[in-house]
Amino acid sequence: AVVSTQSTGITKDGRTQIDGDPEGANFPWVPPEVKDVLGTEFMSKDGKTVNLADLDGHHIAVYFSAHWCPPCKTFTPNLAKVYNKLKSEGKKFEIIFASSDKNELEFNEYYKEMPWLAIPYVDRERKLKLSQKFGVTGIPCLVVLGTDLDVVNPNARNRVSNDLDAVEYPWGAKPLINLDEDPSNINDYVSVLFVKGEGMDEGAAKAIMDKLSSTGEQFIQKAKSSKEDQEFMFFYSNSANGKVTSSVIEAMEGTVPADKPLLVVLDIPEGGKYSIVESDNPTPDMVDKVIEEYKAGNLSMKQLM
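These figures come from a predicted structure and were not determined experimentally.

**Overview of the overall build of the protein chain**
Line of reasoning, step 1. Check the secondary structure of the protein chain and you find nine helices and 15 strands.
Line of reasoning, step 2. Relative to the globule expectation of 19 Å for 305 residues, the C-alpha radius of gyration of the protein chain, 21 Å, shows essentially globular dimensions.
Line of reasoning, step 3. Expressed along its principal axes, the backbone C-alpha trace of the protein chain runs to roughly 60 × 50 × 35 Å.
Line of reasoning, step 4. Taking all 305 residues of the protein chain together, the buried fraction comes to 45%.
Line of reasoning, step 5. Considering only contacts within the protein chain whose residues lie at least 6 apart along the sequence, 64% involve residues at least 24 apart.
Line of reasoning, step 6. Looking at charge distribution, the protein chain has the averaged site of its 33 positive side-chain charges lying 4 Å from that of its 47 negative ones.

Take a look at the structure:
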């Protein structure tokens, strides 16, 4: 990370910035605004140029994808259905394809399947800067922007896949996410995960869920006002045997009983570490406490295996 003289964060991705600028010409590597890397001109299906000004008042989704990527080839047709539905309803929504194809011929073939705009393939620098700006580490990735170009969702792929009728459009940040339905962001954010124990009282479980949800909303609003990344994400699972949750638990040391509730901090971005709240009966007040302890550096973090 790079911090200012006022000890405020400038960029969390200092290593990438320094590697790409060994002479230090861009010191102190202040991240560009979205408008500075998105560009002002895009190509349309009919070959015409569409200007960013033409998209004023629109939600814009930047779609990072490639024809060689099997999950992309599955997701793209579904995304096209959602796109066409929103367009038919008169929604101000546009998608811009940012290609990771290996060459322009592959780009052209893949783009034939898409009804939206694209960044011209030859503009590789713009695509690279967008990937860096949004922290894209894998595809498909669908970054949704608001009408002011603020990030609404850093990766709405799973949200869209589970919402083909676009009921939840524009798929804004959720304060509390079911890990087994949408684990998209757990690799990119420090997260608090609550797993219900099979024998846990429903009232006690609901109290923790309500606390997690209200805390998650606070961090969403804080991120919006500061125009910075959300500091924490909040997840829950109904069972230790959930398809994603079980994989996370298996990566922890020892055995985690399925019949007992689990409250854990996960820091996957910084080396894949975790810390379990030592309690057979976690309570809502423990949510604030574990966040404070993490921020103060007081938690004993273990390595996920």
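**Observations concerning helix 7 (residues 202–226)**
Along an α-helix, residues three or four positions apart point the same way, because every turn accommodates 3.6 residues.
Line of reasoning, step 1. Across its 25 residues, helix 7 extends 36 Å between first and last C-alpha, which sits within 8% of the 36 Å expected from 1.5 Å per residue.
Line of reasoning, step 2. Looking only at helix 7, the buried set comprises Ala 205, Ile 208, Met 209, Leu 212, Thr 215, Gly 216, Phe 219, Ile 220 and Ala 223.
Line of reasoning, step 3. Buried-residue contacts for helix 7 involve strand 11 (190–195), strand 12 (232–237) and helix 9 (285–295).
Line of reasoning, step 4. Measuring from the backbone nitrogen of Gly 203 back to the side-chain oxygen at the start of helix 7 gives 3.0 Å, which picks out Asp 201 as the cap.
Line of reasoning, step 5. A positive phi of about 55° marks Lys 227, the residue just after helix 7.

**Some remarks on the packing of aromatic side chains**
Line of reasoning, step 1. Summed over the entire model, instances satisfying the criterion amount to 17 aromatic pairs.
Line of reasoning, step 2. Summarising the aromatic geometry, the rings of Phe 107 and Tyr 121 are spaced 5.7 Å apart at their centres and angled 40° between planes, so their arrangement reads as tilted. Placement of the pair is Phe 107 in helix 4 (residues 104–111) and Tyr 121 in the loop between strand 7 (117–118) and helix 5 (124–134), with a sequence separation of 14 residues.
Line of reasoning, step 3. Taken together, Tyr 63, Phe 75, Tyr 83, Phe 93, Phe 97, Phe 107, Tyr 110, Tyr 111, Trp 116, Tyr 121, Tyr 169 and Trp 171 form an aromatic cluster joined through their ring pairs.
Line of reasoning, step 4. Looking at Lys 45, its charged tip hangs above the ring of Tyr 111, at a distance of 4.2 Å from the centre.
Line of reasoning, step 5. A cation over a ring is seen here: Arg 124 above Tyr 121, with NZ or CZ 4.1 Å from the ring centre.

Cut-offs and rules
Residues numbered from 1 in each chain as written. Predicted model: local features only at pLDDT ≥ 70, side-chain atom pairs only at ≥ 80, totals over all residues. Heavy atoms only, no water. Helix = DSSP H or I, 4+ residues; strand = E, 2+ residues; numbered from the N terminus. Rg over C-alpha atoms; globule rule 2.2 N^0.38 Å. Buried < 20%, exposed > 50% of the residue type's maximum accessible area, 1.4 Å probe, protein only. Contact = heavy atoms within 4.5 Å. Lys, Arg positive; Asp, Glu negative; His and termini not counted. Charge placed at Lys NZ, Arg CZ, Asp CG, Glu CD. Expected span 1.5 Å × (residues − 1). Polar contact = N/O pair within 3.5 Å; in protein donor to acceptor, adjacent residues only side chain to side chain. Phe/Tyr/Trp six-rings, centres within 6.5 Å; stacked < 30°, edge-to-face > 60°. Lys NZ or Arg CZ within 6 Å of the ring centre and 35° of its normal.

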